[in-house]
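Here is what each chain is made of, one letter per residue.
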Amino acid sequence: MIAPDTLAYTNRLVKTHPAEKCLLAASMLCLNLATPAVMPVCCMIFCFMCCLTIFKARIPAVVYAKLLLTPLFFLCVGAGTVMIDLSADHFAFISISSQGLHTAIIIVCRGLGAVSCLLFLCLTTPVADITWLLAKLRVPGLLIELLDLTYRCIFILADSAATITTAQASRLGYATMNATNRSLGTLSAACIIRSFVNARLMQQAFDSRCGEGPMRVMHTPCPISKKNIIAVMMASIIIAACSFIG
Amino acid sequence: MHIMEGFLPVTHAIGWSLASAPFVGYGLYVIKKRIREKPEQRMLLGVAAAFTFVLSALKMPSVTGSCSHPTGTGLGAVLFSPGAMAPIGAVVLLFQALLLAHGGLTTLGANIFSMAVVGPFAATLVYRLARGIKLPFSFAVFLAASLADLLTYVTTAGQLAFAFPDPVGGFAVSFAKFCGVFAVTQIPLAISEGLLTVVVFNALTRYNARELQDMNVLTGQEVRA
């Protein structure tokens, strides 16, 4: 239903320890944001993470490109806004300064590099693994519980929302704009009520099993591979070195 | 409207994360207290976050013809308290980044600040003010939802302008530029979201008034209105 989530469980890197993948994504993200030589280093990070996601994890390139579209749109609008210079002193009211152009290029490179890191993480690591890792990192238990609960509820609710939408659409519920507004409103209201009822039922199920303490989620452990950790460190060192040379 | 991953410079990303951390912390404290008093509310918060996520995945028609999605901050803030919306919003934004690659991890702090702190607090304030001067319930909900949406977008524009001030005109010119660019999509969106929220509340009060009263979401007076 949610494409990245399905891929996160079916890709070739799912058996790799989540800490290794998070370490790689985090170190690349930090290098991407901190590097002084933005253009070469960010392009390198983008290519590296792209290849890793598409060839190593075997994520379909079409899906990857589609996911890249939304951030690209924001990037174009944002960088375009920074690039355009509005002032009455120039010959033309709207102009492009070389400084603005430079900032825009830096923004685009940084953005692309960072998005490739995010896509790597969200396409190769299931959310359950990430919350497990967060719990290991001593994030407050309440927040972890909220994350686990939300993750579970999202799919139940999205399923009923999809069913209701199909039912509404088959009765021309989205034919005109007024009808769309009315349909969306009743859909949202129905979802709220369903959520409340679900919450009550889940609480009853929880209570009937004496569930007062923290919720425990089973995690299948996979071994940390020293080879991967060393590879991640090597890649980070190479890119860090490039950022000093470049 | 989420700021994408990697758009903000490091200092700004850290700064906004630090700025929104106390709100999330306070929200967690409020939630913890509420759960201790009423343990049955624990599930409610989880489904509230899931609901906000699903709502934000809905496509909403906008006046200009483009499709956009509701933020749900106004609805959440009126249904739940604005304090509790900060952690709920944080969870929703994290899932949007991890499941949809929408928004980002380094810009999470900035997005939390605009969507889960400014939006809900503005919605609650507007709602209380509007009810205080005896405006009808539907109109108060409309104002709360659409102004929360507008303020969220103005905050985002401010964050972007603060990060990338205009080389000549500085913050003010850059702010005006970002506001102008985003106004094209965001003003119609705010109006649509306001209307949608009114329809949601009408549907809720018409068909499910008793359930809502059972769950202490609406008071008797609001149900009659």
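If you're wondering where the values come from, they're calculated on a predicted model, not measured in any experiment.

Concerning the interface of chain B and chain A
Contact with chain B, which involves 72 residues of that partner, is made by 69 residues of chain A. The three residues of chain B that bury the most area against chain A are Arg 42, Met 43 and Leu 99 of chain B, which together make up 12% of that side's buried surface. On the surface where chain B and chain A come into contact, there are zero salt bridges. Seen at the junction of chain B and chain A, the total is two residue pairs in polar contact (both at pLDDT 80 or more). Broken down by secondary-structure element, the contributors of at least two residues to the side of chain B that touches chain A are α1 (10-37), α2 (41-57), β1 (60-61), α3 (73-79), α4 (82-100), α7 (170-207) and α8 (209-214) of chain B.

A short note on the domain arrangement of chain A
As assigned here, chain A comprises domain 1 (3-125 + 223-245) and domain 2 (139-208). Each of domain 1 of chain A and domain 2 of chain A has a C-alpha centre, and these two points are 33 Å apart.

Concerning the environment of Asp 85 of chain A
Positionally, Asp 85 of chain A belongs in strand β1 (residues 84-86). Along the sequence, Asp 85 of chain A and Leu 101 of chain A sit 16 residues apart, while their C-alpha atoms lie 9.8 Å from each other.

Comments concerning unusual backbone geometry
All names here are of chain B. Notably, Ala 101 is not glycine yet its phi reads approximately 55 degrees, a positive angle. With respect to the helices and strands, Ala 101 occurs in the loop between α4 and α5 (108-132). Judged by relative accessible area, Ala 101 falls into the buried class, the value being 7%. Even without being glycine, Lys 134 reaches a positive phi, approximately 60 degrees. Residue position: Lys 134 is located in the loop between α5 and α6 (137-163).

Let's talk about the packing of helix α7 (residues 141-170) of chain A against α2 of chain B
Look at α7 of chain A against α2 of chain B: their axes get within 7 Å of each other, and the N-to-C directions meet at 55 degrees. On the basis of the axis angle, α7 of chain A is oblique to α2 of chain B. Relative to α2 of chain B, the crossing made by α7 of chain A is right-handed. On the side of α7 of chain A, the interface is formed by Glu 145, Leu 146, Leu 149, Thr 150, Cys 153, Ile 154, Leu 157, Ala 158 and Ala 161 of chain A, while α2 of chain B contributes Arg 42, Met 43, Leu 45, Gly 46, Val 47, Ala 49, Ala 50, Phe 51, Phe 53 and Val 54 of chain B. Tallied by class, residues from the contact of α7 of chain A with α2 of chain B come to 15 nonpolar, two polar and two charged.

A few points about the state of the cysteines
Here a disulfide denotes one covalent bond, and it connects the sulfur atoms of two cysteines. Residues and elements named next belong to chain A. Evaluated as defined, the whole model comprises zero disulfides over all chains. The structure places no disulfide on Cys 42, whose sulfur is separated from the nearest cysteine sulfur, that of Cys 109, by 6.2 Å. Residue classification places Cys 42 among the buried residues on the basis of a relative accessible area of 1%. Its sulfur unpaired, Cys 47 is 6.3 Å from the next cysteine sulfur, which belongs to Cys 51. Here Cys 47 falls in the partly exposed class, since its relative accessible area comes to 45%.

As for the pattern of salt bridges
Residues and elements named next belong to chain B. Under the definition given, this model contains one salt bridge over all chains. Lys 177 serves as the salt-bridge partner of Asp 166, at 3.0 Å between the closest nitrogen and oxygen. Residue Asp 166 is found in the loop between α6 and α7, and its partner Lys 177 is found in helix α7; the two are separated by eleven residues along the sequence. Note on accessibility: Asp 166 and Lys 177 belong to one class, buried.

Observations regarding the nonpolar core
Core analysis: the biggest nonpolar cluster contains 134 residues, and Leu 119 of chain A together with Phe 7 and Phe 95 of chain B have the highest contact counts within it. The leading source of residues in this core is α7 of chain A, at 13 residues. When residues of this core are assigned to domains, at least three map to each of domain 1 (3-125 + 223-245) and domain 2 (139-208) of chain A. Beyond its immediate stretch of four places on either side in the chain, Leu 119 of chain A contacts Tyr 64, Leu 67 and Leu 68 of chain A together with Ala 101 of chain B.

Overview of helix α2 (residues 18-34) of chain A
Between its terminal C-alpha atoms α2 of chain A stretches 24 Å, which fits the 24 Å expected from 17 residues at 1.5 Å a residue. Burial analysis of α2 of chain A places twelve of its 17 residues in the buried class, which makes it a mostly covered element. Buried residues of α2 of chain A: Pro 18, Glu 20, Lys 21, Cys 22, Leu 24, Ala 25, Ser 27, Met 28, Leu 29, Leu 31, Asn 32 and Leu 33 of chain A, and no others. Contact partners of the buried residues in α2 of chain A: α3 (38-56), α5 (98-124), α6 (127-136) and α9 (226-245) of chain A together with α1 of chain B.

Description of the packing of α2 of chain B against α4 of chain B
Each pair of packed helices can be summarised by the angle the axes make with each other and by the distance between the axes. Residue and element names in this part refer to chain B. Packing of α2 against α4 leaves a shortest axis separation of 9 Å and a crossing angle of 50 degrees. Comparing their axes, α4 and α2 come out oblique. For the element pair α2 and α4, the recorded crossing hand is right-handed. Two secondary-structure elements touch here, α2 through Leu 45, Ala 48, Ala 49, Thr 52, Phe 53 and Ser 56 and α4 through Ile 88, Val 91, Val 92, Phe 95, Gln 96, Leu 99 and Leu 100. For the contact of α2 with α4, the per-class residue count stands at ten nonpolar, three polar and no charged.

Describing α6 of chain A
Val 127, Asp 129, Ile 130, Thr 131 and Leu 133 of chain A are the residues of α6 of chain A that are buried. Lining the buried residues of α6 of chain A we find α1 (3-10), α2, α5 and α7 of chain A together with α4 of chain B. With its phi angle positive at about 65 degrees, Arg 138 of chain A sits one or two positions after the end of α6 of chain A.

Points about the packing of aromatic side chains
One pass over the structure, following the stated rule, counts 15 aromatic pairs over all chains. Here Phe 74 of chain A and Phe 7 of chain B contribute two aromatic rings whose centre-to-centre distance is 5.3 Å and whose plane-to-plane angle is 75 degrees, an arrangement assigned as edge-to-face. In this pair, Phe 74 of chain A is assigned in helix α4 (residues 61-83) and Phe 7 of chain B in the segment before α1, connecting two distinct chains. For the pair formed by Phe 74 of chain A and Phe 7 of chain B, the shared burial category is buried. With a centroid separation of 6.5 Å and an interplanar angle of 80 degrees, the aromatic rings of Phe 162 of chain B and Phe 171 of chain B are classed as edge-to-face. Classification of Phe 162 of chain B by relative accessible area gives partly exposed; the value is 49%.

Examining a nonpolar patch on the surface
Residues and elements named next belong to chain A. On the surface, a nonpolar cluster with roughly 590 Å² of combined accessible area is contributed by Met 39, Ile 84, Leu 86, Ile 94, Ile 96, Leu 101 and Ile 105. Going through the elements one at a time, β1, β2 (94-96) and α5 are the ones with two or more residues in the nonpolar patch. With respect to the helices and strands, the residue Met 39 is situated in helix α3. Relative accessible area serves as the criterion here: at 46%, Met 39 is assigned to the partly exposed category.

Reading the values: the criteria
Residues numbered from 1 in each chain as written. Chains lettered and ligands numbered in written order. Predicted model: local features only at pLDDT ≥ 70, side-chain atom pairs only at ≥ 80, totals over all residues. Heavy atoms only, no water. Contact = heavy atoms within 4.5 Å. Buried area = accessible area lost by both parts, 1.4 Å probe. Salt bridge = Lys/Arg side-chain N within 4 Å of Asp/Glu carboxyl O. Polar contact = N/O pair within 3.5 Å; in protein donor to acceptor, adjacent residues only side chain to side chain. Helix = DSSP H or I, 4+ residues; strand = E, 2+ residues; numbered from the N terminus. Domains from an automatic or database assignment. Buried < 20%, exposed > 50% of the residue type's maximum accessible area, 1.4 Å probe, protein only. Axes fitted to C-alpha atoms, helices over the stretch in contact; angles between N-to-C directions. Parallel < 35°, antiparallel > 145°, perpendicular 65-115°, else oblique. Left-handed = near helix turned anticlockwise from the far one by under 90°. Nonpolar A, V, L, I, M, F, W, Y, C, P; charged D, E, K, R; others polar. Disulfide = S-S within 2.5 Å. Core = buried A, V, L, I, M, F, W, Y, C linked by side-chain atoms within 4.5 Å. Expected span 1.5 Å × (residues − 1). Phe/Tyr/Trp six-rings, centres within 6.5 Å; stacked < 30°, edge-to-face > 60°. Patch = residues over 30% accessible without salt bridge, like charges linked within 9 Å, V, L, I, M, F, W, Y side chains within 5 Å. Areas by Shrake-Rupley, 256 points an atom, 1.4 Å probe, with all protein chains shown as cover.

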